[in-house]
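# Breakdown of the fold
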Amino acid sequence: MASSSFLTGERAVVALFIARIVFSVPQSLLSESLSLSLLSLLALSVEISVDASSSVPLSHFFKTRPGASSGIFLGAVTLPGVMVSKLIQMSRAVSLNQSGSEELENLQLLYWVTSASCYTVLAYLCFIFYQQSDSKNCATSRCSLSCIALYFVVCCVSFAVKSHSGWYTAAILLWLFSHGYAAVKLIQNILHTFPACASIGEALLVTAGLVIYFGDMLACTASKSHGYFTASKLVTVPYGIQRSEVSVIIQGLIIGLLLFPMLFKYMLQFLERVSLASSRDTADNHMRRSCVFYISLACVLIIAVPSWMQLVQDFHVHPFLWVLDFVLSEPLKRLSLCIYWLVVIYVSVIRFYNISKSSKIERILLRKYYHLMAVSMFVPALILQPKFLDLAFGAALAVFLMLEIIRIWRIWPLGQLVHQFMNAFTDHRDTDLLVVSHFSLLLGCALPIWLSSGFNDRPLAPFAGILSLGIGDTMASVVGYKYGVLRWSKTGKKTIEGTAAGITSVLAACSILLPLLATTRYVQNWFSLLFAVTISGLLEAYTAQLDNAFIPLVFYSLLCVTFVLHTFPPSHGMDVNEYYSNLSEFTDTRRKVFVKVSMFMWGT
């Protein structure tokens, strides 16, 4: 029985995902590769212990989403896997002199922050699990303790080798520990504040992302406010790479809106103490609460958030005026794109909402129409106006956050209307307490694009979310629902026909996109691309987690490490030896042989 529970489809797919990344790591990233392997082993052992336990000790601490597995393995390795794939990509840039070593070092520190957050949460889960279970001396317990100890050793050695100062290594370890402690406290608050809304793996993914994002804000603010910290390397400028105005505006908006509910809650508590009203449910109290909400929201968005943006980026004008100037700098293209988006959104929302009220079409198919709408909206913008699309994604996410806050708090006059509208498109992963489907779709499309800013030598990587969700997931659901017969498992609903349709549709879309992108310097290795598409398709078929959140990140990571060939026409004056010298990024001898054979066949 234990062996059958160990061999699950989701774990096999995640193991292949990690193996593909580790296989692609160059020698310069050996410590990161080793730590990722240890993290994967620790996460797998914790998940096996939790899922195999008959007493289910974690249920005494967390109320997770019903019907979902723990998802610890997938949730723990996804973001660290993304960071290692970015490191592989950045190492290629450094070897080709297209990027500086400082950016690679900053990205390495960001990886260690990410892995430390996941490691600390896993160590916390180990602690509470083995405190409640009777199997404290089992093999998984020893494996978990060994992984934690080895990770700490690898982390210390990695930073000690890079610096001759013991204080520098101690400061870095303290910085990592603070992120890990914050991750533990945050995942506790998420699972207790939103019970039955997420699995442990989903909560771990959100926790690691938020801790990194807030840590980035604090580090950037500290380095801007206290320049002497940078000189003494006490803060070590962990995220000191140059930021664009768009990224600062997006980060300020999102963090401000994430912190706003806590501010609003404290203000309501203060008003309730000083109010003479005997009941909290009176109409006057509802109106008072709504007024406080809109006034405080305006203060945060107009005063507090722009002040932080000015501190970090040194805008010459108010940041929102900068946004207006940015949009009007190319009025024909960007305003036309805005009009096109508004028309598509209006027509789609009105049409699908009316269908949801009067038709017997399955809700899952109605929700997939929005995936197709995302393709029609984002693909043209990503090809023609990628920087403007970055800003548009940030604005859309800010609007979604505001609407969700209004819905949860039932703020007059939009609270009830938004709640009724959202209920028309929710599924089993959404609750009245928290609706996550629209967030996961938007972030699934946006994150690969945001992660691809800067150096990007894999042209399909920014399209990872759009391809996997807008095309692959949609075709898999539609074909599987209408024509699927052969199921992947006896208890699941996913079919082999649907998965095959999703994989085929993504490959077809890639064959259309590559010529449109006009990337004449790159020749895609289709076997490598097929592996990436297949792994993401199988993950969609097997996982019980929130696929909109995990699949784009997994697909993006695999696209970053896909093998491509650089083509240099004879007019460029580059001979075979010079071309081959640029392939130092590839440490695998078999891939070097493949390159030489391919070049011989091309006659170069």
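Just so we're clear, the structure is a prediction, and the values are computed from it rather than from any experiment. (Residues numbered from 1 in each chain as written. Predicted model: local features only at pLDDT ≥ 70, side-chain atom pairs only at ≥ 80, totals over all residues. Heavy atoms only, no water.)

## Side note on the overall build of the protein chain
Regarding its fold elements, the protein chain presents 23 helices and 2 strands. Looking at the protein chain as a whole, 51% of its 604 residues qualify as buried. Taking all contacts inside the protein chain whose residues are at least 6 apart in sequence as the whole, residues at least 24 apart take part in 78%. Of the roughly 28,600 Å² that the protein chain leaves accessible, carbon and sulfur atoms contribute 67%. (Helix = DSSP H or I, 4+ residues; strand = E, 2+ residues; numbered from the N terminus. Buried < 20%, exposed > 50% of the residue type's maximum accessible area, 1.4 Å probe, protein only. Contact = heavy atoms within 4.5 Å. Areas by Shrake-Rupley, 256 points an atom, 1.4 Å probe, with all protein chains shown as cover.)

## Details of unusual backbone geometry
Residue proline 413 is reached from tryptophan 412 by a cis peptide bond, and omega for that bond is 5 degrees. Here proline 413 shows up in the loop between α15 (386-409) and α16 (415-423). The phi dihedral of aspartate 314 is positive, around 60 degrees, even though this residue is not glycine. With respect to the helices, strands and loops of the structure, aspartate 314 is situated in the loop between α11 (283-313) and α12 (319-328). The phi dihedral of arginine 410 falls on the positive side, at around 55 degrees, and the residue is not glycine. Assignment of secondary structure puts arginine 410 in the loop between α15 and α16.

## A word on empty space enclosed by the protein
Taken as a whole and judged by the stated rule, the model has 2 cavities of 30 Å³ or more. Space inside the largest cavity adds up to approximately 110 Å³. Around the largest cavity sit 14 residues that line it, and Ser468, Gly472, Asp473, Ser536 and Gly537 are the ones nearest its centre. Every element with two or more residues in the lining of the largest cavity is listed here: α18 (464-483), α19 (496-517) and α20 (526-542). Top contributing element to the lining of the largest cavity by residue count: α19, with 5 residues. Across the lining of the largest cavity, the residue classes break down as 5 nonpolar, 7 polar and 2 charged. (1 Å grid on protein atoms, 1.4 Å probe; cavity = no way out; pocket = protein on both sides within 12 Å on 5 of 7 lines; lining within 4 Å. Points joined across faces, edges and corners; volume = space filled by probe spheres on them. Nonpolar A, V, L, I, M, F, W, Y, C, P; charged D, E, K, R; others polar.)

## Considerations on the confidence of the model for the protein chain
Counting all residues, the mean pLDDT for the protein chain is 80, and 81% of those residues have values of 70 or more. Note that pLDDT drops below 50 for residues 228-240; the model gives that stretch 24 contacts with residues more than four away or on any other chain. In this model, residues 567-604 is a region of pLDDT below 50 whose contacts with residues beyond four sequence positions or in other chains number 47 contacts. (pLDDT = per-residue confidence, 0-100.)

## What to know about the packing of aromatic side chains
For the structure on display, the rule yields 17 aromatic pairs. Pairing phenylalanine 264 with tryptophan 409 gives two aromatic rings, centres 5.0 Å apart and planes at 80 degrees, and the pair type is edge-to-face. One end of the pair, phenylalanine 264, is in helix α10 (residues 245-274); the other, tryptophan 409, is in helix α15, and 145 residues separate them in sequence. According to the relative accessible area criterion, phenylalanine 264 is buried, its value standing at 0%. (Phe/Tyr/Trp six-rings, centres within 6.5 Å; stacked < 30°, edge-to-face > 60°.)

## Some points on the pattern of salt bridges
Opposite charge on two side chains lets them pair, provided their charged atoms get close. Counted according to the given criterion, the structure contains 7 salt bridges. When the shortest N-O distance is used, the salt bridge between aspartate 457 and arginine 92 registers 2.7 Å. With a gap of 365 residues between them, aspartate 457 in the loop between α17 (437-451) and α18 and arginine 92 in helix α4 (residues 72-95) connect regions that are remote in the sequence. A residue is classified by how much of its surface remains accessible, and aspartate 457, at 1% relative accessible area, is buried. Overall, arginine 92 belongs to the buried group, its relative accessible area being 3%. A salt bridge links arginine 458 to aspartate 457, with the shortest nitrogen-to-oxygen separation between them at 3.1 Å. Beyond isolated ion pairs, a larger network of salt bridges with shared partners links Arg92, Asp457 and Arg458. (Salt bridge = Lys/Arg side-chain N within 4 Å of Asp/Glu carboxyl O.)

## What to know about a nonpolar patch on the surface
Among the surface-exposed residues, Val317, Leu321, Leu324, Leu328 and Leu335 lie close enough to one another that they form a single nonpolar patch of about 400 Å² accessible area. If one sorts the elements of the nonpolar patch by residue count, α12 sits on top with 3 residues. Position of leucine 321 relative to the elements: it lies in helix α12. (Patch = residues over 30% accessible without salt bridge, like charges linked within 9 Å, V, L, I, M, F, W, Y side chains within 5 Å.)

## Observations concerning the nonpolar core
Judged by nonpolar contacts, the single largest core of 160 residues is most densely connected at Leu125, Leu176 and Leu467. Looking at which element gives the most residues to this core, the answer is helix α5 (residues 101-132), with 18 residues. (Core = buried A, V, L, I, M, F, W, Y, C linked by side-chain atoms within 4.5 Å.)

## Observations regarding the packing of α4 against helix α8 (residues 200-225)
Between α4 and α8, the least distance of the axes is 7 Å, while the angle of their chain directions is 20 degrees. Comparing the axis directions of α4 and α8 gives the class roughly parallel. Seen along the crossing, α4 lies across α8 with a hand that is right-handed. Residues Ile72, Gly75, Ala76, Thr78 and Leu79 of α4 form the contact with α8, whose participating residues are Ile200, Gly201, Leu204, Leu205, Ala208, Gly209 and Ile212. Classifying every residue of the contact of α4 with α8 gives 8 nonpolar, 4 polar and no charged. (Axes fitted to C-alpha atoms, helices over the stretch in contact; angles between N-to-C directions. Parallel < 35°, antiparallel > 145°, perpendicular 65-115°, else oblique. Left-handed = near helix turned anticlockwise from the far one by under 90°.)

## Digging into the environment of tryptophan 322
Relative to the helices and strands, tryptophan 322 is located in helix α12. Residue class for tryptophan 322 comes out buried when judged on its relative accessible area of 19%. Those residues in contact with tryptophan 322 that lie beyond four places of it in its chain are Glu245, Val246, Ile249, Phe315 and Val317.

## Here we look at the side chain of glutamate 32
Mapped onto the secondary structure, glutamate 32 falls in helix α3 (residues 30-52). Overall, glutamate 32 belongs to the buried group, its relative accessible area being 1%. Leaving out residues up to four positions away in the same chain, glutamate 32 has contacts with Leu87, Gln108, Tyr111, Trp112, Ser158 and Lys162.

## Focus: the environment of cysteine 220
Within the secondary structure layout, cysteine 220 lies in helix α8. With 91 residues separating them along the chain, cysteine 220 and leucine 311 place their C-alpha atoms 9.7 Å apart. Ignoring anything within four residues of it in the chain, the contact list for cysteine 220 reads Arg243 and Val312.

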